[in-house]
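The residues making up each chain are set out below.
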Amino acid sequence: MTGPIPALTDRANRAAERLAAADHVLLASHADADGLASAAVGAAALERAGIPHDVQFADQLDEATIQRLASGREDVVFLTDFGSGQLDDVYAHLDPEATIVADHHQPLSPDAVPAGAPATAEYADAPYHVNPLLVGLDGARECSGAGATYAVARAIAERDPPAALGPEHAIQPGSDPDPRNRDLAALAIVGAVGDRQREDGELVGANVAIAAEGEAAGVLTTETDLGAYGTQTKPLPELLAHADEIRVPGVATDRNAAARFLDGLDLKLRTDGEWRRWAELTGEERQTVASGLCQRAIQRGVPAERIDEMVGTAYTLSGEEPATQLRDASEFATLLNATARYERSAVGLAVLLGDRDGALEEATDLLAEHRRNLSRGVRWVEDHGVTIESHCQWFDAGSEIPATIVGIVAGMAVGADGVDPSIPIVAFAEDGDEVKVSARATGGLVRRGVDLSEAMATAASAVDGSGGGHTVAAGATIPPDSTDEFVSVVDDVLATQLQT
Ligand SMILES: [Mn+2]
């Protein structure tokens, strides 16, 4: 059997073979939604195969982290969702013959391999290196860390399939565990969606094949639906008012405008005074709301391609309770990110592995806390205002907003009182001895030429910092007291970008 990512089969088989021979495995994974999903896929496969293991998380795989991993007594280390970019440090401290890497980040270039390290060929062809980029697949778009780990998990089951699994191995309350590990595909999809691998609202490439295995295993459904975040848990007016994917004038303005629009639809969208949620509507009701949105969008002159963006593919974990945070892959990923952001990745892992009691409750509390911190942050920006330059606006939150969330706050602040939605926003926050910078733009600005990745990189290097990211969202770390110069370079770069 070749599996959903045929090109990775040989590598996955070798990794499975090595893991099966281990006395004890230390699985270490990246502390974000995809990293947590990767860890769950790997840990479930090891558990089901009876291979003893521990799981740890880290924000980054720096040398200190690798040293810590190397000091454990475990004979095999299994790195998921990181490792490929740090192979020099990894092999400096860990035996290549006892180190498995399942990752989708850019592998360390052979040119960057230091003298004295294992031969160059061992980096590209390291014995246990499972990465879509090594076999010509796009690791940013079509296979996440959880996808690469899924290839290994599947190979473990295929090598030595357990006859049957007990209910303690179930990852979704409403589904049976699959001895072939195909049910773990649902978690791989949560990882891919959490890493924003969707394009125009749907997964592509290897991820499609992984999703198909989840569907065949009865743990996942994919369907064309409203491409908005929050279809399972958000009351309808909130869903339509705040989804980035659906910006219908006169509806997305605020909650009241969205409620007025919904009230005009001749549907019964409230139960006992409470707004229903999208996931609770019948197919016909959804159709009515969707046509209403399209009509309104056309009337208000929204271009056709923007209207197309309102539709996407929903990835539903069919064994989870409807209208819960775990039912939709994006909402699940949000819950995982909340646990990771507050250094409680183990809680997110427990939820992924099927804990629907204590861990789910704690994760839900963390998410609620996270949302409170975000709204507190946005209120702070509203109270203190932003400084408007020619081509951007900025605020310096100092220690008032944690550096870990200031970027999200900046994005949310666009549309708040006193913030200009027509220019990018740049946010500063204290981060230890340094200053963390986060910048956000809109899709419209990117279409007009804005590239925040370039702006952050250029301005950061002007002040001896470092920066980069994506066109629409980017960041930098800079020395303290360099914010004025930083802003002025950003403004110049944006001026050039908007001219061309
Ligand atoms: Mn990842």
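Please read all numbers here as calculations on a predicted model, not as lab measurements. (Residues numbered from 1 in each chain as written. Predicted model: local features only at pLDDT ≥ 70, side-chain atom pairs only at ≥ 80, totals over all residues. Heavy atoms only, no water.)

(A) Geometry of the pairing of strand β14 (residues 466-469). Sheet analysis places β14 next to strand β15 (residues 473-478), joined by four bridges and oriented antiparallel. From the neighbouring strand, G468 faces β15, where its bridge partner is G475. Between β14 and the antiparallel strand that follows it, β15, lie three residues. (Pairing = 2+ DSSP bridges. Helix = DSSP H or I, 4+ residues; strand = E, 2+ residues; numbered from the N terminus.)

(B) Region of interest: the layout of surface pockets. Of the voids in this model, the second largest pocket is the one considered here, and its volume is about 210 Å³. Looking at the second largest pocket, the residues that line it are T224, D225, L226, W278, R286, Q287, A290, C294, I307, D308, M310 and V311. Mapped onto the lining of the second largest pocket, the elements with two or more residues apiece are β6 (220-226), α11 (283-299) and α12 (304-308). Per-element tally for the lining of the second largest pocket: the top contributor is α11, with four residues. Broken down by class, the residue content of the lining of the second largest pocket amounts to seven nonpolar, two polar and three charged. (1 Å grid on protein atoms, 1.4 Å probe; cavity = no way out; pocket = protein on both sides within 12 Å on 5 of 7 lines; lining within 4 Å. Points joined across faces, edges and corners; volume = space filled by probe spheres on them. Nonpolar A, V, L, I, M, F, W, Y, C, P; charged D, E, K, R; others polar.)

(C) Geometry of empty space enclosed by the protein. In the structure shown here, the tally under the stated rule is two cavities of 30 Å³ or more. A volume near 40 Å³ is recorded for the second largest cavity. Taken together, A45, R48, A49, I156, A157, D160, P162, P179 and N181 form the lining of the second largest cavity. Of all elements in the fold, only α2 (33-48) and α6 (145-159) reach the threshold of two or more residues within the lining of the second largest cavity.

(D) Seen up close, unusual backbone geometry. With a phi close to 65 degrees, N181 is a non-glycine residue in the positive phi region. Examined against the element boundaries, N181 turns out to sit in the loop between α6 and α7 (185-194).

(E) Examining the sheet that holds β15 more closely. Spatial ordering of the open sheet is given by β10-β11-β12-β13-β15-β14, a layout of six strands whose pairing is mixed. The sheet is open, and its two borders are formed by β10 (387-388) and β14, each paired with just one other strand. Of the strand pairs in this sheet, strand β12 (residues 425-431) and strand β13 (residues 434-440) are connected by seven bridges, and their pairing is antiparallel. Directly across from D431, in β13, lies its bridge partner E434. Across the sheet, helix α19 (residues 483-499) lies against β11 (393-396), β12, β13 and β15, angled at about 155 degrees from β12, the strand it touches most. (Contact = heavy atoms within 4.5 Å. Axes fitted to C-alpha atoms, helices over the stretch in contact; angles between N-to-C directions.)

(F) Representation of the pattern of salt bridges in the model. Inspection of the entire model under this criterion finds 17 salt bridges. A salt bridge links R141 to E199, with the nearest nitrogen and oxygen atoms 2.5 Å apart. One end of the pair, R141, is in the loop between β5 (129-130) and α6; the other, E199, is in the loop between α7 and α8 (206-216), with 58 residues separating them in the sequence. A salt bridge links E213 to R154, with the shortest nitrogen-to-oxygen separation between them at 2.7 Å. Of the two residues, E213 is situated in helix α8 and R154 in helix α6; the sequence distance between them amounts to 59 residues. The class of E213 is buried, set by a relative accessible area of 13%. Shared partners join several salt bridges into a network, and the residues in it are R154, E158, R182 and E213. (Salt bridge = Lys/Arg side-chain N within 4 Å of Asp/Glu carboxyl O. Buried < 20%, exposed > 50% of the residue type's maximum accessible area, 1.4 Å probe, protein only.)

(G) The arrangement of the domain arrangement of the chain in detail. The domain boundaries assigned to the chain delineate domain 1 (6-193), domain 2 (224-373) and domain 3 (385-499). A separation of 32 Å is found between the C-alpha centroids of domain 1 and domain 2. The partner domain 2 presents 22 residues to the 21 residues of domain 1 that form the contact. Here domain 1 packs against domain 2, burying approximately 1,600 Å² in sum over the two surfaces, 74% of which is carbon and sulfur. Among the residues domain 1 hides against domain 2, the three largest losses belong to L36, Q172 and V190. Together they make up 31% of the total. (Domains from an automatic or database assignment. Buried area = accessible area lost by both parts, 1.4 Å probe.)

(H) Highlighting the coordination of the manganese ion. Only D34 (OD), D81 (OD), H104 (NE2) and D195 (OD) from the protein reach the manganese ion as donors, at distances of 2.1 to 2.3 Å. Sequence spacing of the donors to the manganese ion: D-x46-D-x22-H-x90-D. Within this pair, whereas D81 is found in the loop between β3 (76-80) and α4 (87-93), its partner D195 is found in the loop between α7 and α8, the two being separated by 114 residues in sequence. Take D195: its relative accessible area is 24%, and that puts it in the partly exposed class. (Donors = N, O, S within 2.8 Å, 3.2 Å for Na, K, Ca; no water.)

(I) Molecular detail of the pairing of strand β4 (residues 99-102). With burial as the criterion, each face of β4 is covered, one bearing T99 and V101 and the other bearing I100 and A102. One ladder, built from four bridges, connects β3 with β4; its direction is parallel. When the sheet's bridge partners are listed, T80 is paired in β4 with A102. Each parallel crossover has a hand, and for β3 linked through α4 to β4 it is right-handed. Note: β4 against β5, two bridges, orientation parallel. Opposite A102, over in β5, you have V130 as the bridge partner. (Right-handed = clockwise from strand over helix to strand, strands pointing away.)

(J) The arrangement of the packing of α7 against α8 in detail. Close contact between α7 and α8 brings their axes to 8 Å; oriented N to C, the two are set at 145 degrees. For the element pair α7 and α8, the recorded crossing hand is left-handed. Of the residues in α8, those in contact with A185, A188, I189 and A192 of α7 are N207, I210, A211, E213 and G214. Across the contact of α7 with α8, the residue classes tally to six nonpolar, two polar and one charged. (Left-handed = near helix turned anticlockwise from the far one by under 90°.)

(K) Spotlight on the sheet that holds β4. Read across the sheet, five strands follow the order β2-β1-β3-β4-β5 without closing on themselves; strand pairing throughout is parallel. Here the strands that pair on one side only, and so sit at the sheet edges, are β2 (53-58) and β5. As judged from the five bridges shared by strand β1 (residues 25-30) and β3, these two strands associate in the parallel manner. Paired with S29 across the two strands is T80, which belongs to β3. Contacts from α2 reach β1, β2 and β3, with the element oriented near 160 degrees to β1.

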